[in-house]
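Structure at a glance
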Amino acid sequence: MNIPFLDLKAATAPMVAELQAAAARVIAGGRYLRGEETAALEREIAALCGVEHCVAVSNGLDALRLVLRAWLELGKLHPGDKVAVQANTYVASVLAITDMGLRPVLCEPDAETMNLSGTGLRQALEHHPDIKAVMPVHLYGTPCWDNEMLHLVTGHHLLVLEDNAQAIAAVAATGGINGTRTTGGLGHAGACSFYPTKNLGALGDAGAVTTGDAELAEAVRALANYGSDRRYHNIYRGYNCRIDELQAAMLRVKLRWLDHETQRRIDIADCYDRHISSPLVTTPAIIAGARQVWHQYVIRVRDNRREAFCAYMRDHGIGTDIHYATPPHRQPCYHEQYGGLTLPVTEQLAREVVSLPVAAPLTTEQAQAIATVINTFGG
Ligand SMILES: *Cc1c(COP(=O)(O)O)cnc(C)c1O
């Protein structure tokens, strides 16, 4: 076998002609920022997430930062306010919080779903009753949302910013604050990433904010364009976080493939779930009633066998990856503030998780063959 963990070139190959045509259109059109492609992408992403507003921006981290900054500007958050987030997330979630002068409350994830649960949020609120916002991260493409979370955020009047970087087009089992179930529309705002390896990836960096709140959308739009609400009139000390017209056009092409590609991921995940039976391996939780979009298919390898497992897979020609070996509180940049925290679930996950190939061009036949290889590990 020779199955790389991810082959972006091969994944993009079926779309090349459409991408080239779209790029040619933008190049010939002469409008490279804030044009028709961006406006159309915003309408399409808003519709996909079931919200009124979308602001396409430079990347996912900026999408998160812009929402938090807008809430600070609108007086909904204040410097130093606490934001709950699961401790096993990718570092960017935490970077957005600390960069805006807010304080992350790093919460233990549920060991099975690897996501923050309502129970986890309740425990965090018991220790920190002054938490003002929560950032549920739909990690690996699994919606981070349940009934208890819904009740807590409404009961405690918490702002909800979904980190939807890994879960575009996922659907939660429980309705969000507005009753809809698609991620990016569950809370007050969502942040998508269109980093090339994400489920909907640009040919470079891009991201988007989704929200039902017109005032927030307007503030984010202004902040992303130097803080100006109209030309040469700056109401905020803003940033330049615009999306390129070219990337918007690439994303609109890829958006037409998203349903098909997501279904492939779901089929491959289902194949792994049915065929992996090694006692050393735990397959990811399947959430009843939800649509998980499998940005990553993350298994856990027990008994300190991860390193041996990855070497064994490599010897069989199968690429794997680890998301993530070092949680944010163990990163050098957070050593001083959070290095002293003990988060046993987060730390155990960091030692055990392994991501298997799940994206196109992988086929279910290959996934089945990978499962067979896994089942003979350690035997
Ligand atoms: C990718 C990612 C981000 C950051 O998105 P970029 O577009 O790379 O800036 C944030 N949070 C999570 C969970 C991510 O996976």
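Rules behind the numbers
- Residues numbered from 1 in each chain as written.
- Predicted model: local features only at pLDDT ≥ 70, side-chain atom pairs only at ≥ 80, totals over all residues.
- Heavy atoms only, no water.
- Pairing = 2+ DSSP bridges.
- Helix = DSSP H or I, 4+ residues; strand = E, 2+ residues; numbered from the N terminus.
- Axes fitted to C-alpha atoms, helices over the stretch in contact; angles between N-to-C directions.
- Contact = heavy atoms within 4.5 Å.
- 1 Å grid on protein atoms, 1.4 Å probe; cavity = no way out; pocket = protein on both sides within 12 Å on 5 of 7 lines; lining within 4 Å.
- Points joined across faces, edges and corners; volume = space filled by probe spheres on them.
- Nonpolar A, V, L, I, M, F, W, Y, C, P; charged D, E, K, R; others polar.
- Near = heavy atom within 4 Å.
- Polar contact = N/O pair within 3.5 Å; in protein donor to acceptor, adjacent residues only side chain to side chain.
- Areas by Shrake-Rupley, 256 points an atom, 1.4 Å probe, with all protein chains shown as cover.
- Sits in = over half its atoms within 2 Å of the grid points.

**Observations regarding the sheet that holds strand S4 (residues 131-135)**
If you walk across this open sheet you meet the seven strands as S1-S7-S6-S5-S4-S2-S3, and the pairing is mixed. In this open sheet, the two edge strands, each paired with only one partner strand, are strand S1 (53-57) and strand S3 (103-107). Taken over all neighbouring pairs, the strand axes of this sheet differ in orientation by 25° on average, direction set aside. Alignment of strand S6 (residues 189-193) against strand S7 (residues 207-211), held across five bridges, turns out to be antiparallel. When the sheet's bridge partners are listed, Ala191 is paired in S7 with Val209. Packing of helix H3 (residues 36-49) onto the sheet brings it into contact with S1 and S7, and relative to S1 it is tilted by some 130°. Packing of helix H5 (residues 91-99) onto the sheet brings it into contact with strand S2 (82-86), S3, S4 and strand S5 (159-163), and relative to S3 it is tilted by some 150°.

**Section: empty space enclosed by the protein**
Leftover empty space is mapped by rolling, across the atoms, a probe with the size of a water molecule. On inspection of all chains with the given rule, the structure shows four cavities of 30 Å³ or more. Its volume calculated, the largest cavity comes out at about 210 Å³. Lining the largest cavity are 19 residues, with Ala11, Lys198, Asn199, Glu261 and Arg265 positioned closest to its centre. Of all elements in the fold, only helix H1 (8-12) and helix H9 (245-275) reach the threshold of two or more residues within the lining of the largest cavity. It is H9 that provides the largest number of residues to the lining of the largest cavity, a total of six residues. Of the pockets and cavities examined, the second largest cavity occupies roughly 70 Å³. Lining the second largest cavity are Glu112, Thr113, Met114, Tyr140, Thr142, Pro284, Ala285, Gln292, Trp294, Gln296 and Val298. When the residues that make up the lining of the second largest cavity are grouped by side-chain class, the tally is six nonpolar, four polar and one charged.

**Concerning the site of the ligand**
Taken together, 13 residues lie around the ligand, and Gly60, Asp163, Gln166, Ser193 and Lys198 are the ones closest in. Interatomic distance of 2.8 Å between a side-chain N/O atom of Asp163 and a nitrogen atom of the ligand. Gln166 places a polar side-chain atom, nitrogen or oxygen, 2.7 Å from an oxygen atom of the ligand. If the ligand stood free it would expose 380 Å²; the protein chains cover 91% of that surface. A molecule is said to occupy a pocket when more than half its atoms come within 2 Å of that pocket's grid points, and by this definition the ligand occupies the largest pocket. Elements supplying a minimum of two residues to the shell around the ligand: helix H4 (60-73) and H5. In terms of residue class, the shell around the ligand is made up of six nonpolar, five polar and two charged.

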